[in-house]
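Structure assessment
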Amino acid sequence: MQLTLESARALDARDPLAKFRDEFVVDDADTIYMDGNSLGRLPKRAIARVREVVENEWGKRLVRGWGEGWMDAPTRIGGKIAQLIGARSDEVIVADSTSVNFFKLVHAALDAREGKKQIVTETVNFPTDAYILQGIARTRGKNITYVSPQNDVAISTDAVVHAIDNRNCALVTLTHTAFKSGAVYDMRAITQAAHDAGALVLWDLSHSVGSIPLALNACEADLAVGCTYKYLNGGPGAPAFLYVRRDLQEQLFNPIQGWFGQKNQFAMDFDYAPAQGIARFNVGTPPILSMLAIEAGVDVLLEAGIENLRAKSIQQTEFLIGLWEAWLKPFGVTLNSPRDSKIRGSHVSLGHPDGLRIDRALIEEMNVIPDFRFPDNIRFGIAPIYTRFEDVYCAMERLRRVMTEKLYEKYAGERPMVT
Ligand SMILES: *Cc1c(COP(=O)(O)O)cnc(C)c1O
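Computed from a predicted structure; not experimentally measured. (Residues numbered from 1 in each chain as written. Predicted model: local features only at pLDDT ≥ 70, side-chain atom pairs only at ≥ 80, totals over all residues. Heavy atoms only, no water.)

Concerning the domain arrangement of the protein
- With domains assigned, the protein is organised as domain 1 (5–30 + 305–410) and domain 2 (47–302).
- Of note, the centres of domain 1 and domain 2, computed from C-alpha atoms alone, are 29 Å apart.
- Counting from both sides, the interface comprises 27 residues of domain 1 and, opposite them, 22 residues of domain 2.
- Between the two partners, domain 1 and domain 2, sit 0 salt bridges.
- Applying the counting criterion to the domain 1 and domain 2 interface returns 12 residue pairs in polar contact (both at pLDDT 80 or more). (Domains from an automatic or database assignment. Contact = heavy atoms within 4.5 Å. Salt bridge = Lys/Arg side-chain N within 4 Å of Asp/Glu carboxyl O. Polar contact = N/O pair within 3.5 Å; in protein donor to acceptor, adjacent residues only side chain to side chain.)

Quick word on the site of the ligand
- Near the ligand you find 13 residues, and of these Ser99, Asp204, His207, Tyr229 and Lys230 are the closest.
- Thr98 has a polar backbone atom sitting 3.5 Å from an oxygen atom of the ligand.
- Side-chain polar atom of Tyr229 to an oxygen atom of the ligand: 2.7 Å apart, as the coordinates give it.
- For the ligand, the accessible surface in isolation is 390 Å², of which the surrounding protein chains cover 87%.
- Taken together, the residues of the shell around the ligand break down into 3 nonpolar, 7 polar and 3 charged. (Near = heavy atom within 4 Å. Areas by Shrake-Rupley, 256 points an atom, 1.4 Å probe, with all protein chains shown as cover. Nonpolar A, V, L, I, M, F, W, Y, C, P; charged D, E, K, R; others polar.)

Section: the sheet that holds strand β12 (residues 371–373)
- In spatial order, the strands read β9-β10-β13-β12; together these 4 strands make up an open sheet with antiparallel pairing. Whereas interior strands pair on both sides, the edge strands pair on one side only; in this sheet they are β9 (334–335) and β12.
- Helix-sheet contacts for helix α9 (residues 306–328) involve β9, β10 (347–351) and β13 (377–381), and the interaxial angle to β10 is about 15°. (Pairing = 2+ DSSP bridges. Helix = DSSP H or I, 4+ residues; strand = E, 2+ residues; numbered from the N terminus. Axes fitted to C-alpha atoms, helices over the stretch in contact; angles between N-to-C directions.)

A few points about the pairing of strand β4 (residues 143–147)
- With 5 bridges joining them, strand β3 (residues 118–122) and β4 adopt parallel strand pairing. What sits directly across from Glu122, in β4, is Val147.
- In the classification by handedness, the crossover that spans β3, the intervening helix α5 (residues 127–140) and the parallel β4 is right-handed. (Right-handed = clockwise from strand over helix to strand, strands pointing away.)

Overview of the sheet that holds strand β8 (residues 240–244)
- On the basis of which strands lie adjacent, the open sheet formed by 7 strands has the order β2-β8-β7-β6-β5-β3-β4 and mixed pairing. Of all strands in the sheet, those bounded by a partner on one side alone are β2 (92–95) and β4. Strand after strand, the sheet turns through a mean of 20° between neighbouring axes, direction not considered.
- Strand direction decides the pairing type here: β2 and β8, joined by 4 bridges, are antiparallel. When the bridges of β8 are listed, Val94 appears paired with Phe241.
- In the packing of helix α7 (residues 187–196) onto the sheet, the strands contacted are β5 (169–175) and β6 (200–204), and the crossing angle to β6 comes to about 150°.

Some words on the packing of aromatic side chains
- Scanning the model with the defined rule gives 10 aromatic pairs in all.
- Three or more aromatic residues joined by ring pairs form one cluster here, namely Trp66, Trp70, Trp259, Phe260 and Phe266.
- Note that Arg41 overlies the ring of Tyr386, its terminal NZ or CZ placed 5.4 Å from the centroid. (Phe/Tyr/Trp six-rings, centres within 6.5 Å; stacked < 30°, edge-to-face > 60°. Lys NZ or Arg CZ within 6 Å of the ring centre and 35° of its normal.)

Printed below as a string of structure tokens:
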């Protein structure tokens, strides 16, 4: 791959997925959006869908809407997400937030392994996962074992396996693609090791779904949760999804016993009895407006094909890393993501002690929108459904200007409210 604008444009011209960019609202041609791993772009189909839901379904059909596609939205859209993650359609629902789903499934897993005290997770986990685990460990008297990266970037399978206490481990829970480094775990090997110890495994797929083909069934994964507003382009605060392997569904119980998880919900029985199958992991009335918006984004990804998206993502992250090496490494910018594309997701983190100021200069002067994660990671998210090779090239070229002209020096280093 040559590191020129011409070669970037040639790659775009040959890209079989290029046409999908038109499916999204891109209204400022000079802005380079590199944060699709935090909030994906707006699919044009979602605009039409939301308008239809508001004007016709809510506006005209009113309460009848529940029987005309709202009630089965959690399982219908879950079934589509299942195709992206290698699961069966009756193993996934859309419900609640990732945080709440994580809480539900951690409790469910610990109930199923009552008596065992160990939870294994990682020091580089996403904060909400860590906080929820800490709260549950405190109230239920469990111990958390944290695994750390050995080389500052990725955690080896061996390190996780060594942390598992074969007699006492109830649950292993990891974020499949690390939110800072983008490092990806070996789902099959870790799931196998946890099962050998009699533990259950809960994967957080928030940074994997929609960017990496997943094989939950083939890996015999037990449980998973994930976001829909990142690579699935579901919209800010769109509800999340959860997966429970089919043969576990009748053995596990939702700790939040709401009426949407009740057997024969509209019998309005006074006493709780869990619904059959995955539906028992619902809680309350779903947020229909934002739930139906998700479907448009998922449909576009299914049309593009997750294997094709992954192939393009790898090419683009390789291109970005090539540019980093040629242009930015000499300025002391470090690669905080794995070099090996096999264990790298779809975002690349570049590090610098002045990272926060560099991030601000990129946004405010260069019209490049990455994001920043402490202490020093500038994250460049590649969403192959709409990111062009030209975008990758220009983002790195503008970053080079920030470094050569030291444009970041005029920015203060204090933390803004949102990074
Ligand atoms: C983005 C993300 C979340 C977000 O959880 P919310 O409940 O939607 O705020 C959780 N876990 C991981 C790993 C994430 O990347």
